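Topology and contacts: notes
Now for the letters of each chain:
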Amino acid sequence: MSALVTDSKKAACTGVQRLRTVRRRQMRRAAVAFTFLMLGLVAALGVRVLLGTYTVTIPDFFTLLSGGDIKVRGARFIVMEDKLPRAVLGALAGLAFGCSGAIFQLLLRNPLASPDIIGISNGASLGAVIAIVYWGASGFTISVFAIVCALVTAVVTMLLASGGTNVGNRFILTGIGVAALCNAVVIYLMERISLGQATTASVWMIGSLAPANWGRINILFTMLIMLLPLVLWGVRPLKASAVGDELAHGIGVPVGGIRWYYIAVGVLLAAVATAAVGPVAFVAFVAGPIARRMMGGRHTLVGAALVGAIIVVAADFAAANMFPGKSFPAGIFTGAFGAPVLMWLLVQGQKKGK
């Protein structure tokens, strides 16, 4: 009998040691991945600011950043009023898009759940276009309209999808329909306005960093600082809810409250980013899966945010410099990158019978 107890203790100790080894490996992988993503974001910002059709050396950049000037004519305007604002705005918007997409994918337990697919970004775009067309709004006013319309879109989608089981899939399917409706209304409004208004409003249909300026950056940065505590407040119950509603209820997670809370937070993140740069396509959609692959399958809001920032900054650099003499919206390049990923996920889901 004593031998049996001893063997059981040894087996338990071996199991605990294996578990600790696995956790240490996961932590090391996560640390390496976070370091890689941070360095990747710094590299993307450096490439966007220093390279391209107009290049600047690192010493000259720090000279301009400190308030000095260099001999090249127009260097201060190009770097400080064009390239640097676009890089900073792109990074902030990408952080918001990536984090928002990861929240929805974790909350609804579906890789197709992202703001640009379930209608949230489309609702924010509709609000911005309405503000421009009917009130001639600009700056912070557009952000307010975008946020309010995105929240209304999310509430309508959630109400239509509520009831019964399998809320996540119904939310996604309903959101796709709501997104199509929002796009139809935006196109209708675009047909009824002047060419000048259409040019201004087109940013909120495709997604572009061309309107970047320090005022817009300050607004977005302030909103993200305000949203950060809200994102961090319920991360543990959010991740716990990923195991399923019944099991989450069993371990004491208020699933309904967490769902509504994080839907609101995810909508706000997507709305403020869309209000700043427009609905840059597929960033929120692809950031989460890429981050999870790097983390060995673990959900990570921070990792998804960093991936989103890298994608937006890199896409804007490619859009501005890939074709000499022409500059395209960043949303075109992210859409070209994200569409194959969407088709791949659909094919993989079909193979698995989902």
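Reading guide: rules and limits
- Residues numbered from 1 in each chain as written.
- Predicted model: local features only at pLDDT ≥ 70, side-chain atom pairs only at ≥ 80, totals over all residues.
- Heavy atoms only, no water.
- Helix = DSSP H or I, 4+ residues; strand = E, 2+ residues; numbered from the N terminus.
- Buried < 20%, exposed > 50% of the residue type's maximum accessible area, 1.4 Å probe, protein only.
- Contact = heavy atoms within 4.5 Å.
- Axes fitted to C-alpha atoms, helices over the stretch in contact; angles between N-to-C directions.
- Parallel < 35°, antiparallel > 145°, perpendicular 65-115°, else oblique.
- Left-handed = near helix turned anticlockwise from the far one by under 90°.
- Nonpolar A, V, L, I, M, F, W, Y, C, P; charged D, E, K, R; others polar.
- Patch = residues over 30% accessible without salt bridge, like charges linked within 9 Å, V, L, I, M, F, W, Y side chains within 5 Å.
- Areas by Shrake-Rupley, 256 points an atom, 1.4 Å probe, with all protein chains shown as cover.
- Salt bridge = Lys/Arg side-chain N within 4 Å of Asp/Glu carboxyl O.
- Phe/Tyr/Trp six-rings, centres within 6.5 Å; stacked < 30°, edge-to-face > 60°.
- 1 Å grid on protein atoms, 1.4 Å probe; cavity = no way out; pocket = protein on both sides within 12 Å on 5 of 7 lines; lining within 4 Å.
- Points joined across faces, edges and corners; volume = space filled by probe spheres on them.

**Topic: the overall build of the chain**
Helices and strands together make up the secondary structure of the chain, namely 15 helices and 0 strands. Buried positions account for 47% of the 354 residues belonging to the chain. Taking contacts inside the chain between residues at least 6 apart in sequence as the whole, the part at least 24 apart equals 74%.

**Some details on the packing of helix 3 (residues 75-108) against helix 14 (residues 301-321)**
Close contact between helix 3 and helix 14 brings their axes to 6 Å; oriented N to C, the two are set at 140°. Put simply, helix 3 runs oblique to helix 14. Once helix 3 is placed against helix 14, the crossing between them reads as right-handed. Across the interface between the two elements, Arg86, Ala87, Gly90, Ala91, Gly94, Leu95, Gly98, Cys99, Ala102 and Ile103 from helix 3 touch Leu301, Ala304, Ala305, Leu306, Gly308, Ala309, Val312, Val313 and Asp316 from helix 14. Residues that form the contact of helix 3 with helix 14 fall into these classes: 13 nonpolar, 4 polar and 2 charged.

**Digging into unusual backbone geometry**
Its identity as a non-glycine residue notwithstanding, phenylalanine 282 has a phi of 70°, on the positive side. Its relative accessible area of 17% is what places phenylalanine 282 among the buried residues.

**A closer look at the packing of helix 13 (residues 283-294) against helix 14**
Look at helix 13 against helix 14: their axes get within 8 Å of each other, and the N-to-C directions meet at 125°. Relative to helix 14, the element helix 13 is oriented oblique. You can see that helix 13 and helix 14 cross each other, and the crossing is right-handed. Facing Val283, Val286, Ala287, Gly288, Ile290 and Ala291 of helix 13, the residues of helix 14 in contact are Gly303, Ala304, Val307, Gly308, Ile311 and Val312. For the contact of helix 13 with helix 14, a count of residues per class yields 9 nonpolar, 3 polar and no charged.

**Let's talk about a nonpolar patch on the surface**
On the surface, Ile187, Met205, Ile206, Met322, Phe323, Phe328 and Ile332 cluster together into a nonpolar patch covering about 610 Å² of accessible area. Residue placement: methionine 205 occurs in helix 8 (residues 203-206).

**Focus on the packing of aromatic side chains**
The tally for this structure, following the rule as stated, stands at 4 aromatic pairs. Plain terms: the ring middles of tyrosine 261 and tyrosine 262 are 5.1 Å apart, the flat faces sit at 85° to each other, and that makes the pair edge-to-face. Residue tyrosine 261 is classed as partly exposed on the basis of its relative accessible area of 24%. For tyrosine 262, a relative accessible area of 0% corresponds to the buried category. Feature note: the residues Trp233, Tyr261 and Tyr262 constitute an aromatic cluster, connected by ring pairs.

**A word on the environment of methionine 223**
Along the chain, methionine 223 falls in helix 9 (residues 214-233). For methionine 223 and leucine 269, which are 46 residues apart along the polypeptide, the C-alpha to C-alpha distance reads 8.6 Å. Beyond its immediate chain neighbours, meaning those up to four positions away, methionine 223 contacts Phe140, Ser143, Ile147 and Val272.

**Observations concerning the layout of surface pockets**
Size it by volume and the second largest pocket reaches roughly 590 Å³. Lining the second largest pocket are 24 residues, with Cys99, Leu228, Leu301, Val302 and Ala305 positioned closest to its centre. Of all the secondary structure elements, the ones that give two or more residues to the lining of the second largest pocket are helix 1 (2-50), helix 3, helix 9, helix 10 (235-240) and helix 14. The element best represented in the lining of the second largest pocket is helix 9, accounting for 7 residues.

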